[in-house]
Amino acid sequence: MSFQGPIKISPRLQEQAERAREINEANKTVEPISGPRSVALPPDYTEERFYAAAATLRKLIGNENVDIVDQPLNDGWYLQHPKTHDAFQVLDQDDFVASCVARPRHTEDVQAIVRWANEYLIPLWPISIGRNLGYGGAGPRVRGSVVIDMGHHMNRILEVNEREASCLVEPGVTYYNLYDCLQAQGSSLWIDTPDLPGGSVMGNALDRGVGYTPYGDHWGKHCGLEVVLPDGSLMRTGMGAVDGANTWQSFQHGFGPSVDGLFSQANNGIVTKMGMWLMPSPKSMQAYQISFKREEDLGAVCEALRPLMVRGVLGNVPSLRHVLQEAALHGNQRTYYKGPGPIDEETTEKIAERFGGYWFLYGCLYSDEDSCDHLVDVVRDAFTHIPGSAFYKSDDTPEDSYIRTRIQIFSGQPNLRELGWVNWVPDGAHLFFAPISPITAKDAEKQFKMVKERHRQYGFDCFSTFCVGPREMHHICCIIYNKADPKHKWGAYRMLRDMIRDAGKEGYGEYRTHISCFDEVMKVYGWNNNAFLKFNETIKDALDPNSIIAPGKSGIWGRRFRGKGWELWGDETRSVPAERDGSLSRRINIEERL
Ligand SMILES: Cc1cc2nc3c(=O)[nH]c(=O)nc-3n(C[C@H](O)[C@H](O)[C@H](O)COP(=O)(O)OP(=O)(O)OC[C@H]3O[C@@H](n4cnc5c(N)ncnc54)[C@H](O)[C@@H]3O)c2cc1C
């Protein structure tokens, strides 16, 4: 697959995309293309048997829709990303890698693929777009799985219901596709986009991603699924189960057990259609930034935030960002620091002086009245008691201030500026550590101290952002590492593991994690002798007796894989059990790697 050609993106983002590609190219020190390689076979397969199985698959969905992954792997970059593996790898580039990529044309093809997989006992890994960077990209958890590129052909916006403010989409609809479609129709509805708009509306919601308008809880705003089950049959959830219903995108719960959750961060089916609610544009909005002078202000900010969130005064998902995250949008590590290793405290202080604070709260107020001024006063007053804090409306900030970009995200307009921080170090890649925290001083301070100490120990700059929900915060900690430097990469991975364990000991669990850490995070959710995991395993085994769909997703393994060496606990260099991977010693001396 070539990544050199034109970038396929909406015209309004073309220039920004070209610029982002240039910066990304300039940040590369090595061309991350692997050498000649043989195909990563599915478990228990010989090459001959695999090619025979693939030939059958070609007959089912068309020769042109099946690619055997036997070419060098190319990491590409965000907008020209691989569907074959994780572009931000933490183990070997050739580890979380597909044997083959299949591109179904329609739901019947998906059903045919699932039946084929049951017959041949080949694991499948469905992706919608596969831009799950920081969480595993397009890479399958089981090496040699068939990646199902759901979005390649199945990319239609099936319906936009202006009156009820909802839509029905297929997997390949990106945020910018949906935005462009609404614009073209002259719709007054808004989408809610994550920081970057290249992901799939469906894929992001299924992985419970977040955006930043009042509709930022994407899974919470979905309404109705169509799913191919592990036996190849087709089901609709919610009101979609009623024949001829015209309420599929109107009422989330339907009748009887609510089963939608079994398909989110899960491996019980392949979603082919999803309903989403859209946001009616408000009459007025006001984006704001509040800066806080001292790192120790974190606790006071959280205490002031909580009542505003609980009472619903702050309508959107505000984010509280550390100054290094801010700095990373204006330059890379070398812009600020020439010393070895991560930026020291003294330099961080200077950066904070330059940007006007250690923490920045970005939020937006919305109103159906002519102005938001009454809300602005409430928010401003809530933080004035914190010495040195400064409130700015977006228009009162410098031309290049971040809030002036953020305002687009706050009004559902795709933007690519966030791509910038990934280039903090050469050959930049990142992992997300994302524990949930109550909105309290005690918890936020404890979590921040924990991650800061681990970053210092492992020699990384610490990028913390708290994305604030109605009753909790997603503490998103971006571990930016040089993926061309094996020690740096390994350090990032080890640190992520340590932070998951540290957090678990204090009673904090992650909302989402990288494919390599599924088992580790699921272990944290182990209350009462792993009752939650056991429940999910029971469902998995009942629905998917051949363990076909995404084995290992969220640490849930079907019985064909469970307890047979596929789980990863951190001291492995490969994801494949040692006895299947004779060429490489799987367990390693950790100290030697660091
Ligand atoms: C700089 C940067 C900033 C980011 N900011 C954000 C942010 O603000 N918010 C956020 O949420 N994320 C963020 N991300 C992470 C990521 O890019 C997005 O979450 C992205 O939307 C996920 O990729 P995707 O939409 O292509 O989903 P996919 O990769 O297609 O899907 C994600 C997962 O969902 C499952 N899945 C997908 N489709 C199906 C299907 N049809 N059936 C069954 N299972 C399926 C699979 O397990 C898959 O691995 C950021 C990443 C970067 C690099």
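Keep in mind the model is a prediction, meaning the values are calculated, not measured.

(A) Local environment of the overall build of the protein. Scanning the protein from N- to C-terminus turns up 16 helices and 19 strands. The globule rule puts the C-alpha radius of gyration for 594 residues at 25 Å, and the 23 Å found for the protein is close to it. If you line up the protein on its principal axes, its C-alpha atoms span 70 × 60 × 55 Å. In the protein, buried positions account for 62% of the 594 residues. Put simply, of all contacts in the protein between residues at least 6 apart along the chain, 72% involve residues at least 24 apart. Of the roughly 23300 Å² of accessible surface on the protein, a fraction of 52% belongs to carbon and sulfur atoms. Looking at charge distribution, the protein has the averaged site of its 65 positive side-chain charges lying 3 Å from that of its 77 negative ones.

(B) Fine view of the pairing of strand β16 (residues 428-433). Most of β16 sits inside the fold, with six of its six residues counted as buried. On β16, burial covers both faces: G428, H430 and F432 on one face and A429, L431 and F433 on the other are all buried. As paired elements, β16 and strand β19 (residues 472-482) share six bridges and run antiparallel to each other. By the bridge assignment for β19, G428 is matched with N482.

(C) Up close: the sheet that holds strand β2 (residues 100-102). Across the sheet, four strands lie side by side as β1-β2-β4-β3; this open sheet has mixed pairing. The open sheet has two edge strands, β1 (66-68) and β3 (124-127), and neither has a second partner. Taken over all neighbouring pairs, the strand axes of this sheet differ in orientation by 20 degrees on average, direction set aside. As defined by bridge partners, β1 adjoins β2 across three bridges and the pair is classed as antiparallel. Within β2, the position partnered with I68 by the bridge is C100. Sheet contacts for helix α2 (residues 47-61): β1 and β2; angle to β1, the most-contacted strand, approximately 160 degrees.

(D) Representation of the site of the ligand in the model. Among the 33 residues in the neighbourhood of the ligand, the closest are listed as S128, R131, S200, Y212 and R512. At 2.9 Å, a backbone N or O of V210 approaches an oxygen atom of the ligand. For the ligand, an oxygen atom lies 2.8 Å from a polar atom in the side chain of K553. It is helix α5 (residues 201-206) that contributes the most residues to the shell around the ligand, four residues altogether.

(E) Inspection of the packing of α2 against helix α3 (residues 107-120) at higher detail. Contact pair α2 / α3: the axes reach a minimum separation of 10 Å and the direction vectors enclose 160 degrees. Considering their axes alone, α2 and α3 lie roughly antiparallel with respect to each other. Along this stretch, α2 crosses α3, giving a crossing that reads as right-handed. Across from A53, A54, T56, L57, L60 and I61 in α2, the residues of α3 making contact are D109, A112, I113, W116 and Y120.

(F) Looking closely at the state of the cysteines. Counting across every chain of the model gives zero disulfides. Take C372: it sits in no disulfide, and the sulfur closest to it among the cysteines is that of C364, at 7.1 Å. Classification of C372 as buried rests on a relative accessible area of 3%.

(G) Inspection of the nonpolar core at higher detail. Counting residues in hydrophobic clusters, the biggest one holds 149 residues, and the most contacted among them are L124, I270, F292, V379, F383, F433 and I479. A per-element tally of this core places helix α13 (residues 486-505) first, with eight residues. Ignoring sequence-local partners within four residues, the contact set of V379 consists of Y288, I290, V313, L314, L365 and F391. Core analysis: the second largest hydrophobic core is formed by 23 residues, V173, I191, M202 and W219 among them.

(H) Examining the side chain of R21 more closely. Examined against the element boundaries, R21 turns out to sit in helix α1 (residues 14-26). A residue is classified by how much of its surface remains accessible, and R21, at 16% relative accessible area, is buried. Side chain to side chain, R21 and Q80 meet in a polar contact 3.0 Å long.

(I) Summary view of the UniProt feature "domain: FAD-binding PCMH-type" (unreviewed entry) in the protein. Under the UniProt annotation, "domain: FAD-binding PCMH-type" (unreviewed entry) lies at residues 94-281. Across residues 94-281 one finds 16% helix and 22% strand; the C-alpha atoms that close the span lie 45 Å apart.

(J) A look at unusual backbone geometry. Phi is positive for D44, close to 70 degrees, though the residue is something other than glycine. Turning to its location among the elements, D44 is positioned in the loop between α1 and α2. The class of D44 is exposed, set by a relative accessible area of 55%. For S547, which is not a glycine, the phi torsion comes out positive at approximately 50 degrees. When you line up the elements, S547 lands in the loop between α15 (527-543) and α16 (590-593).

(K) Focus on the domain arrangement of the protein. Structurally, the protein comprises domain 1 (11-149), domain 2 (157-280), domain 3 (284-518) and domain 4 (519-593). A straight line from the C-alpha centre of domain 2 to that of domain 3 covers 28 Å. With 21 residues of domain 2 at the contact, the number on the domain 3 side is 20 residues. Carbon and sulfur atoms make up 66% of the surface buried where domain 2 meets domain 3, a total of about 1700 Å² over both sides. At the junction of domain 2 with domain 3, the criterion picks out four residue pairs in polar contact (both at pLDDT 80 or more). It is helix α4 (residues 175-184) that provides the largest number of residues to the side of domain 2 that touches domain 3, a total of three residues. Among the residues forming the side of domain 2 that touches domain 3, the class breakdown is 12 nonpolar, six polar and three charged.

(L) Structural view of the environment of G5. Position of G5 among the secondary structure elements: in the segment before α1. For G5, a relative accessible area of 31% corresponds to the partly exposed category. Along the sequence, G5 and C223 sit 218 residues apart, while their C-alpha atoms lie 37 Å from each other. With near-sequence residues (within four places) excluded, G5 lies in contact with R21 and Q80.

(M) Expanded view of helix α12 (residues 441-458). Taking 1.5 Å per residue as the helical rise, α12 with its 18 residues ought to reach 26 Å, and the 26 Å between its terminal C-alpha atoms agrees with that figure. Every buried residue of α12 is accounted for by A441, D443, A444, Q447, F448, M450, V451, K452, H455 and Y458. With its phi angle positive at about 80 degrees, G459 sits one or two positions after the end of α12.

Analysis parameters
Residues numbered from 1 in each chain as written. Predicted model: local features only at pLDDT ≥ 70, side-chain atom pairs only at ≥ 80, totals over all residues. Heavy atoms only, no water. Helix = DSSP H or I, 4+ residues; strand = E, 2+ residues; numbered from the N terminus. Rg over C-alpha atoms; globule rule 2.2 N^0.38 Å. Buried < 20%, exposed > 50% of the residue type's maximum accessible area, 1.4 Å probe, protein only. Contact = heavy atoms within 4.5 Å. Areas by Shrake-Rupley, 256 points an atom, 1.4 Å probe, with all protein chains shown as cover. Lys, Arg positive; Asp, Glu negative; His and termini not counted. Charge placed at Lys NZ, Arg CZ, Asp CG, Glu CD. Pairing = 2+ DSSP bridges. Axes fitted to C-alpha atoms, helices over the stretch in contact; angles between N-to-C directions. Near = heavy atom within 4 Å. Polar contact = N/O pair within 3.5 Å; in protein donor to acceptor, adjacent residues only side chain to side chain. Parallel < 35°, antiparallel > 145°, perpendicular 65-115°, else oblique. Left-handed = near helix turned anticlockwise from the far one by under 90°. Disulfide = S-S within 2.5 Å. Core = buried A, V, L, I, M, F, W, Y, C linked by side-chain atoms within 4.5 Å. UniProt positions renumbered as here; feature names shortened; annotations may be inferred. Domains from an automatic or database assignment. Buried area = accessible area lost by both parts, 1.4 Å probe. Nonpolar A, V, L, I, M, F, W, Y, C, P; charged D, E, K, R; others polar. Expected span 1.5 Å × (residues − 1).

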